[in-house]
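Each chain is listed here by its residues.
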Amino acid sequence: MTDYIRSIDIKSFRGIKDLKLNDLMPINVLTGDNNCGKTSVLEILESFSAPDNFRIWRSLLRKDNGTSLSRGMSYYEGFYDLFNVSSEKKCLEYTIETEIETSQVVLSAWEDVEELTEEEYAKISGLSYLKEEDNCEIATLLVPKLQMEICINGESVNTYSVYDGQYRFPFLTKGYGEARNSSQKRNVIYISPIRHAEGNLFLRSVLDYPELYEQMLSILQEYDENIISINYDNDDNNVSGRGIYKILSRDHEKALPLNVYGDGMKKAVLLMSAVIKAQNGILLLDEFETAIHTSAMEKTFRWILETCMKLNVQLFLTSHSKEAIEKVLKCAPDIQEKIAVYTLYKDKEGMSVRRLTGKKAIMVQEDMGLELR
């Protein structure tokens, strides 16, 4: 892998302070109690796809059901949530070391106010605006705003600001919020625990790899033994105007939309297609075992791990399921030496982490009876 991540040093992000993950491997399992920072680590890695682009940071704002900005939360509040609440200084900082470079990313913010007309404020807040008579004095408001700056390796690369009560995110143009340095772009794919319910897959990426497509079908037969094929139907008669994924099975006379199948099938298709989409990049699977039935875990997880190795995908998994972690550790014995397990702990002193190799983690569970979580 040409740009393999070796370590992450998070100085400050959300509830994380001074957390280091060293000696990262091709496959990395993050575990620990709820609210210990597992998802936050994945968010940092997701931002690393283009850290100089405020579009990326916008996508990290706390979400409702994993798909959009939380209901009732403004962008001002959302960006505020990126910073550690226990620190007076609004500064997000992390350093990622790869095989070829080290990148220190700092997103700092400070509060200010700006005078806006009622019309200008209506545009950013989503409120309706009725224009007064031409001879009326233009009303203005003093609106608090959060000014932000991104620095990479000590160099300022971008600035942006959001206003209190802002519910619209204007189109970002180059020089103001949009990425300026295209070389920062990396292939990073993040999959939330419930994304399979949205129906957004990467199946068309799979169709370019006949061998992997056939392997995927054999895995899906763990969920429905009569599956023959799965394809993307772009029929003009589709009501939404977009194509849909359809599965042909011996149980039915015609292909049926993937959405009529259970969550396990949809999640398996999503995970496997995401592996191929992430080729030569990074794949982040948050609570990866969600919706996958235990009887299908071993075969599904083995394909994911083996294909990640084949396609040069560095994999990060989060879970607090003992059974799912055990399946990952044991499903592909030849890959155990490529796995590291990180257990995150949060206490009054801050953050701490325990690292185990895949083989050591198995021994800890079996011989010593210790919990990885």
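(A) View of the sheet that holds strand β14 (residues 244–249). With antiparallel pairing, three strands are arranged side by side in an open sheet as β13-β14-β15. Of all the strands in the sheet, just β13 (227–233) and β15 (256–257) have a single pairing partner and so form its edges. Across two bridges, β14 lies against β15 in antiparallel orientation. Paired with Lys246 across the strands is Pro257, a residue of β15.

(B) Just the confidence of the model for the chain, in detail. Residues of the chain with pLDDT of at least 70 account for 84%, and the chain-wide mean is 84. Of all secondary-structure elements in the chain, the lowest mean pLDDT belongs to strand β10 (residues 173–174), at 46, while strand β17 (residues 314–318) reaches the highest, 97. Contacts for the low-pLDDT stretch residues 64–68, under 50 throughout, to residues beyond four places or in other chains number 11 contacts.

(C) Just the pattern of salt bridges, in detail. Counting across every chain of the model gives 11 salt bridges. We note a salt bridge from Arg186 to Glu101, for which the minimum N-O separation is 2.6 Å. Taken together, the residues Arg186 in the loop between β11 (177–178) and β12 (188–191) and Glu101 in the loop between β6 (91–98) and β7 (102–117) connect sequence positions 85 residues apart. Put simply, Glu114 and Lys145 hold a salt bridge, and the shortest N to O gap is 2.7 Å. Taken together, the residues span a long stretch of sequence, with Glu114 in strand β7 and Lys145 in strand β8 (residues 140–152) at a distance of 31 residues. Accessibility expressed as a relative area gives 24% for Glu114, which makes it partly exposed. Judged by relative accessible area, which is 9%, Lys145 ranks as buried. Three or more residues are tied together by salt bridges with common partners; here these are Arg14, Glu43 and Asp81.

(D) Geometry of the packing of aromatic side chains. The final tally for this structure, using the stated rule, is four aromatic pairs. Taking the centre distance of 5.5 Å and the plane angle of 35° together, the rings of Phe54 and Tyr160 count as tilted. Remark: Tyr160 occurs in strand β9 (residues 155–163) and Phe54 occurs in helix α2 (residues 54–59); sequence separation between them is 106 residues. Comparing Phe54 with Tyr160 shows no difference in burial state: the two are buried. Geometrically, the ring pair formed by Tyr76 and Tyr80 is tilted, given 5.7 Å between the ring centres and 40° between the ring planes. Here the residue Tyr76 and the residue Tyr80 both occupy positions in helix α3 (residues 75–80), the gap between them amounting to four residues, near one helical turn. Its relative accessible area of 9% is what places Tyr76 among the buried residues.

(E) Just the side chain of Ser47, in detail. Topologically, Ser47 is positioned in helix α1 (residues 38–47). For Ser47, a relative accessible area of 0% corresponds to the buried category. Within the structure, Ser47 has its side chain in polar contact with the backbone oxygen of Ile44 (distance 2.7 Å). With residues up to four places along the chain from it excluded, the contact list for Ser47 reads Ile56, Trp57, Leu60 and Tyr94.

(F) Fine view of the sheet that holds strand β1 (residues 5–13). Read from one edge of the open sheet, six strands run β2-β1-β6-β7-β8-β9, paired in antiparallel fashion. A single partner strand is all that each edge strand has here, and the edge strands are β2 (16–21) and β9. Across the sheet, the mean angle separating the axes of adjacent strands is 15° when strand polarity is ignored. The pairing of β1 with β2 spans five bridges and is antiparallel. Bridge assignment links Asp9 to a residue of β2, and that residue is Lys20. In this fold helix α4 (residues 118–125) packs onto β7, β8 and β9, with an angle of close to 140° to the strand it touches most, β7.

(G) Layout of the pairing of strand β3 (residues 27–32). In terms of residue burial, β3 counts as a mostly covered element, since six of its six residues are buried. Here β3 shows two buried faces, one formed by Ile27, Val29 and Thr31 and the other by Asn28, Leu30 and Gly32. When β3 meets β17, the two strands line up parallel, connected through four bridges. When the bridges of β17 are listed, Ile27 appears paired with Leu315. Relative to strand β18 (residues 339–347), β3 is paired through six bridges, and the arrangement is parallel. Bridge pairing links Ile27 to Ile339 in β18.

(H) Fine view of helix α8 (residues 294–310). With 17 residues, α8 should cover 24 Å at 1.5 Å per step; its first-to-last C-alpha distance of 25 Å lies within 8% of that length. Turning to α8, its buried residues are Ala296, Met297, Thr300, Phe301, Trp303, Ile304, Leu305, Thr307 and Cys308. Residue Asn312 follows α8 closely and has a positive phi angle near 60°.

(I) The arrangement of the environment of Leu344 in detail. Following the sequence through the fold, Leu344 ends up in strand β18. Along the primary structure Leu344 and Lys38 are separated by 306 residues, whereas in three dimensions their C-alpha atoms are 7.4 Å apart. Among all residues touching Leu344, those that are not within four sequence positions of it are Leu19, Leu21, Thr31, Gly32, Asp33, Cys36, Gly37, Lys38, Val41, Ser352 and Val353.

(J) Region of interest: the packing of α8 against helix α9 (residues 322–330). α9 packs onto α8 with a crossing angle of 45° between their chain directions and a minimal axis gap of 9 Å. Taken together, the axes of α8 and α9 lie oblique to each other. Note that α8 runs across α9; the crossing there is right-handed. Of the residues in α9, those touching α8 at Thr294, Met297, Glu298, Phe301 and Leu305 are Glu323, Ala324, Lys327 and Val328. Broken down by class, the residue content of the contact of α8 with α9 amounts to five nonpolar, one polar and three charged.

Conventions we followed
Residues numbered from 1 in each chain as written. Predicted model: local features only at pLDDT ≥ 70, side-chain atom pairs only at ≥ 80, totals over all residues. Heavy atoms only, no water. Pairing = 2+ DSSP bridges. Helix = DSSP H or I, 4+ residues; strand = E, 2+ residues; numbered from the N terminus. pLDDT = per-residue confidence, 0-100. Contact = heavy atoms within 4.5 Å. Salt bridge = Lys/Arg side-chain N within 4 Å of Asp/Glu carboxyl O. Buried < 20%, exposed > 50% of the residue type's maximum accessible area, 1.4 Å probe, protein only. Phe/Tyr/Trp six-rings, centres within 6.5 Å; stacked < 30°, edge-to-face > 60°. Polar contact = N/O pair within 3.5 Å; in protein donor to acceptor, adjacent residues only side chain to side chain. Axes fitted to C-alpha atoms, helices over the stretch in contact; angles between N-to-C directions. Expected span 1.5 Å × (residues − 1). Parallel < 35°, antiparallel > 145°, perpendicular 65-115°, else oblique. Left-handed = near helix turned anticlockwise from the far one by under 90°. Nonpolar A, V, L, I, M, F, W, Y, C, P; charged D, E, K, R; others polar.

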